[in-house]
Amino acid sequence: QVQLVESGGGLVQPGGSLRLSCAASGSIWSIHDMDWHRQAPGKQRELVARITSGGSTNYADSVKGRFTISRDNAKNTMYLQMDNLEPEDTAAYYCHALITTLGMGLRSYWGQGTQVSVSS
């Protein structure tokens with residue numbers, strides 16, 4: 001029932017900015033933790049940033065100070081503001097969320113991913 005759809009990826013030059021969005025839809029009762037992960041070719045998927053339902057945030061050291069995670073609970077949407085992008089940020093970015101639905105209870109959901117490429 002639940003779908004997560006990412007958007008906002010693209011190609012930017014080093015130092016540029018992108019804003020990723022993750023919209024959750026379906027028969028949602030409550031969205032708990034939401035987070036962004038990324039996976040570069042040949043590398044393991046890594047946690048980039050996490051935000052709890054209460055708004056607490058955590059960031060990977062590699063993006064701290066450059067990325068900002070946020071959420072709009074009324075819209076069931078999470079964002080990742082990415083500033084001062086570096087080539088090392090190039091990866092497929094995936095939205096993930098823990099969501100409770102009336103029919104399925106608490107489950108983990110993943111989006112399809114959106115590509116971020118940083119290159120001059």
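Below is a summary of the structure that appears in this document. (Residues numbered from 1 in each chain as written. Predicted model: local features only at pLDDT ≥ 70, side-chain atom pairs only at ≥ 80, totals over all residues. Heavy atoms only, no water.)

Our next topic: the state of the cysteines. What is meant by a disulfide is a covalent connection between two cysteines, made through their sulfur atoms. Enumeration over the complete set of coordinates arrives at one disulfide. With a sulfur-sulfur separation of 1.8 Å, Cys-22 is cross-linked through a disulfide to Cys-95. Where Cys-22 bonds to Cys-95 through sulfur, the torsion about that S-S bond is close to -70°, and the disulfide is left-handed. Of this pair, Cys-22 sits in strand β3 (residues 18-25) while Cys-95 sits in strand β9 (residues 91-101), and the two are 73 residues apart along the sequence. (Disulfide = S-S within 2.5 Å. Helix = DSSP H or I, 4+ residues; strand = E, 2+ residues; numbered from the N terminus.)

The geometry of an aromatic ring pair is captured by two quantities: the separation of the ring centres and the angle between the planes. This structure, assessed with the given rule, holds zero aromatic pairs. The cationic tip of Arg-45 hangs over the ring face of Tyr-94; the distance from NZ or CZ to the ring centre is 3.8 Å. Lying across the ring of Trp-110, Arg-45 places its NZ or CZ 4.9 Å from the centre. (Phe/Tyr/Trp six-rings, centres within 6.5 Å; stacked < 30°, edge-to-face > 60°. Lys NZ or Arg CZ within 6 Å of the ring centre and 35° of its normal.)

In terms of burial, β9 is largely enclosed, as 10 of its 11 residues are buried. With nine bridges joining them, strand β4 (residues 28-39) and β9 adopt antiparallel strand pairing. The residue bridging His-37 from the neighbouring strand is Tyr-94, located in β9. Relative to strand β11 (residues 114-118), β9 runs antiparallel, the two sharing three bridges. The residue bridging Ala-92 from the neighbouring strand is Gln-115, located in β11. Bridge count between β9 and strand β10 (residues 105-110): six bridges; the pairing is antiparallel. Each bridged residue has a counterpart across the sheet, and for Ala-97 the counterpart in β10 is Tyr-109. Linking β9 back to β10 in an antiparallel pair, the connection comprises three residues. (Buried < 20%, exposed > 50% of the residue type's maximum accessible area, 1.4 Å probe, protein only. Pairing = 2+ DSSP bridges.)

Overall, antiparallel pairing links the four strands, which are arranged β1-β3-β8-β7 in an open sheet. Here the strands that pair on one side only, and so sit at the sheet edges, are β1 (3-7) and β7 (67-72). Recorded for the sheet is a direction-independent mean angle of 15° between the axes of neighbouring strands. One ladder, built from six bridges, connects β3 with strand β8 (residues 77-82); its direction is antiparallel. Looking across to β8, one finds that Arg-19 is bridged to Gln-81. (Axes fitted to C-alpha atoms, helices over the stretch in contact; angles between N-to-C directions.)

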